[in-house]
Amino acid sequence: MLEIRNLVIVRGSWRLEIELLRVRSKTVLLGRNGAGKSTLLKAIMGLIRPAEGKIVVNGRDISDLAVEDRPLGYIPQGVVRLAMTPRDQLEYFSKLHGTDYKPLISKLGLEDLLRKRNLSVGESQLLAIATVLLKNPEALLMDEPCANLDWLNKKLVLNLVKSLETPILYVTHDPLEALLIADEIALLEDGRLRGVYPNEWREKVRRDFELYDLYERLKTR
Amino acid sequence: MVCGGAVDRILLLAVAVSMAYFILLSLPAVIVFGATPSPSFFWIVASTATYATVSSLIVLPISFILGFALAFRASGSYIMPLILFSTAIPHTALGVLLAPTVFSLKITDTAAAVVLGMFVVSLPIGVGVMRASFAAQGVELEEFLRSMGVRGVRLQWFYLRASPTSVILAALLSWFRAFSELGVFLIVAQRPQTVGIYIFEEFLKNGPTAVVSASLVLLAVAIVLTLVAVMLERARNP
C-alpha cells in the first residue's frame, strides 16, 4: 500500500496539501488541468521536493530516498521512447533489476512488441508500462498514460492497466477513464483533496464501454 | 539525399541554392581582384584544421556534460548567458580578456594559445547545440529513466544514443567556429599562423588579390559543412 501523509508542496503562492491518501489497489486521481495531479505524482516519485510530509510504501517511509532508489514505478505524462529496440530495452532493464522479461511479456500478452523495431505511440506506452513492471515496483504512478492516444490504443493501455495487480495511483482529467479502471476515485481541486470515493459505477461503465466502441461495432454490422 | 525512399528535394534545392550563393559571392571578388593561389595557404589550412580538431575534441565532452546539466535545470536558463556571452562581444575584446591567462601561462604565440583561443570561442556553440538537443527530448525521458534506477553516466549514455546527430552537429559547428577564429588570435596568438591571421596579414601586405583564392576555399568549405549540418538536422527531424 502507498500512503501519502500530510504532504505540502509550495510553488510561489500556489500550495498543494494532501492530509492523507491511501492507495490500496487502483486509485484514480481525478482533477482538471492545473489541479496539481502531476505535481503530486512527481513529489511521490521524488522528482519534486515537498515542503513537508511523508511517503510510505508498505509501512516503510521512503521520503528521504533518492528517485532512483524508490520502490515505485512511474509513467510520466507523454510517451517515452528510448533509442533502442523493444527487445533491447526489456533486456537492459531486466539486467538492471535482476528480473526476466519473458514471463512478464507473455503474461501481459505483448509478445508482438518483441518482433518490432518501430512502435506506434500506443505500443510505446505499453512497452513503457512493461518496462516499469520489470522493476517489480511496490506501487505504480501513472500520469495520464492515455493522453494523446487514439481510441484503439487507449483501449489497449486501459485493458493492460486493468489487468495489473500492483497498487496504482492513476492520474487523469477524463471521468470515463476514471470510471473504467478505478476502485476508488480521489478528486483533486485547486491543490486540495476533496474526497476519496468508491467507484460504484465501474461495472456499468465497463458494460457501456462496448457501446462506445464504434470501431468494433461498425465493423460487425 | 534519400529520405523515405524518395530523393530529398529540399536537400537538392539547398545544394543548388548553395552553389548559386557561392558563385554570387565569389564572382565579384574574382573579377575585380583575380585569384592567385598561394602555395603556403594549404599548409596553413591543414595546421589550422589540426588545431581546430584538438580544440573540438576537448570541447565536445565538456559540451555534452554541460549541455546535459543545463538542459533540465531551471538554473540552466540563468547559466547559459554566462556561457554564451563570448558570442555576443567582439572577439578582439575576448582576446583581451583572455590575455592575462595566456601571458601568465607564458604561452603567447604558441599552439597552446591557439587551441585555448579556439576552445573559448567554440565551447558556447557546442554547449548550446547539446543543450537544445537534450531539451528537445523532454524532461520526461530523464524522469522515466531516473525512476527506473538509471543514474549518472548511464543516464547520459541514453541521451547520447538518442541524439547521435546532435553530437556530430555540435562537433561540426564547434570545429568550424574554432577553424575560422581571428579576433582572439590577433591579441594572443598571431603565431603559429592560422587561416584567419594569414588572410588578415596577406591582405595588409599584398592587397586583396593575394587572399581571394584563400577566401573562396574557406567559403566553399563553409558551404559544404553547412550542407552537412542541414542533412544532419533533416535526419534528426525528417
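A. Structural context of unusual backbone geometry. Going from B:Arg191 to B:Pro192, the amide bond is cis rather than trans, its omega being -5 degrees. Structurally, B:Pro192 can be placed in the loop between α9 (183–188) and α10 (195–206). In the Ramachandran plot, A:Asp190 falls in the positive-phi region, its phi being about 50 degrees despite a non-glycine side chain. Structurally, A:Asp190 is set in the loop between β9 (184–189) and β10 (192–198). Located in the positive-phi region is B:Lys106, a residue other than glycine, with phi close to 55 degrees. Using a relative accessible area of 74% as the deciding quantity, one classes B:Lys106 as exposed.

B. Region of interest: the nonpolar core. One finds A:Phe93, A:Ile129, A:Tyr170, B:Leu145 and B:Phe179 to be the most contacted residues of the largest nonpolar core, which totals 97 residues. Sort the elements by how many residues they give to this core and helix α2 (residues 39–71) of chain B lands first, with nine residues. Sequence-distant contacts of A:Phe93, that is, excluding residues within four places in its chain, are made with A:Leu82, A:Thr99, A:Thr131, A:Leu134, B:Leu145, B:Met148, B:Val150 and B:Phe158. Core analysis: the second largest hydrophobic core is formed by 28 residues, A:Leu7, A:Ile48, A:Ile55 and A:Val67 among them.

C. Summary view of the environment of B:Val167. Residues and elements named next belong to chain B. By the element assignment, Val167 lies in helix α8 (residues 164–179). Since its relative accessible area comes to 18%, Val167 is described here as buried. In the structure, Val167 is positioned 13 residues away from Ser180 in sequence and 20 Å away in space, judged by C-alpha atoms. In this structure, Val167 is in contact with Leu60, Met130 and Leu160, ignoring residues within four places of it in sequence.

D. The packing of aromatic side chains, seen in detail. All chains considered together, the criterion is met by 16 aromatic pairs over all chains. Centre to centre, the rings of A:Tyr92 and A:Phe93 are 5.0 Å apart; their planes meet at 80 degrees, and the pair counts as edge-to-face. Pair check on accessibility: A:Tyr92 and A:Phe93 agree, each one buried. Look at B:Phe134 and B:Tyr159: their rings are 5.5 Å apart centre to centre, the planes differ by 90 degrees, and that puts the pair in the edge-to-face class.

E. Just the pattern of salt bridges, in detail. Residue and element names in this part refer to chain B. Applying the stated rule across the entire model yields 20 salt bridges over all chains. With a closest N to O distance of 3.4 Å, Glu142 and Arg73 form a salt bridge. Placement of Glu142 in helix α6 (residues 139–147) and of Arg73 in the loop between α2 and α3 (76–88) is noted, with a sequence separation of 69 residues between them. The buried category is assigned to Glu142, whose relative accessible area is 4%. The class for Arg73 is partly exposed, based on a relative accessible area of 40%. Among the ionic pairs, Lys205 bridges to Glu202, the shortest N-O distance being 3.9 Å.

F. Representation of the pairing of β9(A) within the structure. Residue and element names in this part refer to chain A. Inspection of the sheet shows strand β3 (residues 26–30) paired to β9 by four bridges, in the parallel sense. Within β9, the residue paired with Leu29 across the bridge is Ala186. Sheet analysis places β9 next to β10, joined by six bridges and oriented antiparallel. By the bridge assignment, Glu184 is partnered in β10 with Pro198.

G. Geometry of the pairing of strand β7 (residues 139–143) of chain A. All names here are of chain A. For β7, the buried fraction is high: five of the five residues fall into the buried class. A two-sided burial pattern is seen for β7, the buried positions comprising Ala139, Leu141 and Asp143 on one face and Leu140 and Met142 on the other. Sheet topology note: the strand β6 (residues 72–75)/β7 ladder contains four bridges and is parallel. Bridging across to β7, Gly73 finds its partner in Leu140. Once the chain exits β7 it traverses helix α6 (residues 151–163) before rejoining the sheet at strand β8 (residues 168–172), and the crossover so formed is right-handed.

H. Molecular detail of the confidence of the model for chain B. Residues and elements named next belong to chain B. Across chain B, the average pLDDT comes to 87, with 95% of residues at 70 or higher. Considering each helix and strand of chain B separately, the mean pLDDT is smallest for strand β1 (residues 2–3), with a value of 46, and largest for α9, with 96. Here residues 1–5 is a poorly scored stretch, pLDDT under 50, and it has ten contacts once near neighbours within four places are set aside; other chains count. Predicted complex metrics record ipTM = 0.92 and pTM = 0.81.

I. Quick peek at the environment of A:Ile185. Residue and element names in this part refer to chain A. Tracing the backbone through its elements, the reader meets Ile185 in strand β9. For the pair Ile185 and Thr27, spaced 158 residues apart in sequence, the C-alpha to C-alpha distance is 5.6 Å. Every residue in contact with Ile185, bar those within four places of it in the chain, is listed here: Val28, Leu30, Ala178, Leu179, Gly195, Val196, Tyr197 and Asn199.

About the cut-offs
- Residues numbered from 1 in each chain as written.
- Chains lettered and ligands numbered in written order.
- Predicted model: local features only at pLDDT ≥ 70, side-chain atom pairs only at ≥ 80, totals over all residues.
- Heavy atoms only, no water.
- Helix = DSSP H or I, 4+ residues; strand = E, 2+ residues; numbered from the N terminus.
- Buried < 20%, exposed > 50% of the residue type's maximum accessible area, 1.4 Å probe, protein only.
- Core = buried A, V, L, I, M, F, W, Y, C linked by side-chain atoms within 4.5 Å.
- Contact = heavy atoms within 4.5 Å.
- Phe/Tyr/Trp six-rings, centres within 6.5 Å; stacked < 30°, edge-to-face > 60°.
- Salt bridge = Lys/Arg side-chain N within 4 Å of Asp/Glu carboxyl O.
- Pairing = 2+ DSSP bridges.
- Right-handed = clockwise from strand over helix to strand, strands pointing away.
- pLDDT = per-residue confidence, 0-100.

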